[in-house]
Amino acid sequence: MAVHFISVLGIGLYEPIQYELQDYNSGEQQYIQEALIRRFKDQLSENGKSSIFLTSEAKKRNWENRVYEKWEESAAKK
């Protein structure tokens with residue numbers, strides 16, 4: 001069964017925080033979306049995809065100036 005992670009990125013200031021879900025601890029992450037994608041990366045990489053919806057203002061504030069890790073860049077190219 002395919003998995004599709006869908007979320008919205010806002011314009012607010014996302015500060016680093018630790019997210020916890022059952023036995024998973026994200027460590028410090030700036031975005032809840034990133035913490036969830038990391039948590040479910042095995043399911044997403046096998047048969048899924050991620051979609052993040054954002055406005056032009058959210059794109060400017062929280063998307064364009066963000067530094068991406070190598071695994072994120074390669075996942076975006078798929």
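Higher on the page you've got the structure.
Below you will find a few notes about this structure. Remember, it's a predicted structure, so these values are computed and weren't measured experimentally.

**Focus on the overall build of the chain**
Item 1. Helix and strand content of the chain: four helices and four strands.
Item 2. Its helices and strands in sequence order give the chain the pattern β-β-β-α-α-β-α-α, from N to C terminus.
Item 3. For the chain, with 78 residues in total, the buried portion stands at 23%.
Item 4. Across the chain, contacts joining residues at least 24 apart in sequence account for 54% of those joining residues at least 6 apart.
Item 5. Accessible area of the chain: about 6000 Å², with a carbon and sulfur share of 53%.

**Let's talk about the pattern of salt bridges**
Item 1. For the structure shown, the criterion picks out three salt bridges.
Item 2. One salt bridge in this structure joins R38 and E34, with 3.1 Å as the shortest N-O distance. Placement of both R38 and E34 in helix 1 (residues 32–39) is noted, with a separation of four residues, approximately one turn of the helix.
Item 3. Overall, the relative accessible area of 11% leaves E34 in the buried class.
Item 4. Of the charged contacts in the structure, one is a salt bridge between E57 and K60, with a shortest N-O distance of 3.7 Å. Residue E57 and its partner K60 are located together in helix 3 (residues 56–62), separated by three residues, close to a single helical turn.
Item 5. Look at E57 and you get partly exposed, because its relative accessible area is 29%.

**Things to note about the packing of aromatic side chains**
Item 1. Throughout the structure, instances matching the rule amount to one aromatic pair.
Item 2. When the ring of Y14 is compared with that of Y31, the centres are 5.0 Å apart and the planes differ by 45 degrees; the resulting orientation is tilted. Here Y14 is found in the loop between strand 1 (3–9) and strand 2 (17–21), whereas its partner Y31 is found in the loop between strand 3 (24–29) and helix 1, with 17 residues between them in sequence.
Item 3. Given the relative accessible area of 18%, Y14 is considered buried.
Item 4. When its relative accessible area of 7% is taken as the criterion, Y31 is described as buried.

**Some remarks on the environment of L36**
Item 1. In this fold, L36 is placed in helix 1.
Item 2. It is 9.6 Å that separates the C-alpha atoms of L36 and E20, two residues lying 16 residues apart in sequence.

Conventions adopted
Residues numbered from 1 in each chain as written. Predicted model: local features only at pLDDT ≥ 70, side-chain atom pairs only at ≥ 80, totals over all residues. Heavy atoms only, no water. Helix = DSSP H or I, 4+ residues; strand = E, 2+ residues; numbered from the N terminus. Buried < 20%, exposed > 50% of the residue type's maximum accessible area, 1.4 Å probe, protein only. Contact = heavy atoms within 4.5 Å. Areas by Shrake-Rupley, 256 points an atom, 1.4 Å probe, with all protein chains shown as cover. Salt bridge = Lys/Arg side-chain N within 4 Å of Asp/Glu carboxyl O. Phe/Tyr/Trp six-rings, centres within 6.5 Å; stacked < 30°, edge-to-face > 60°.

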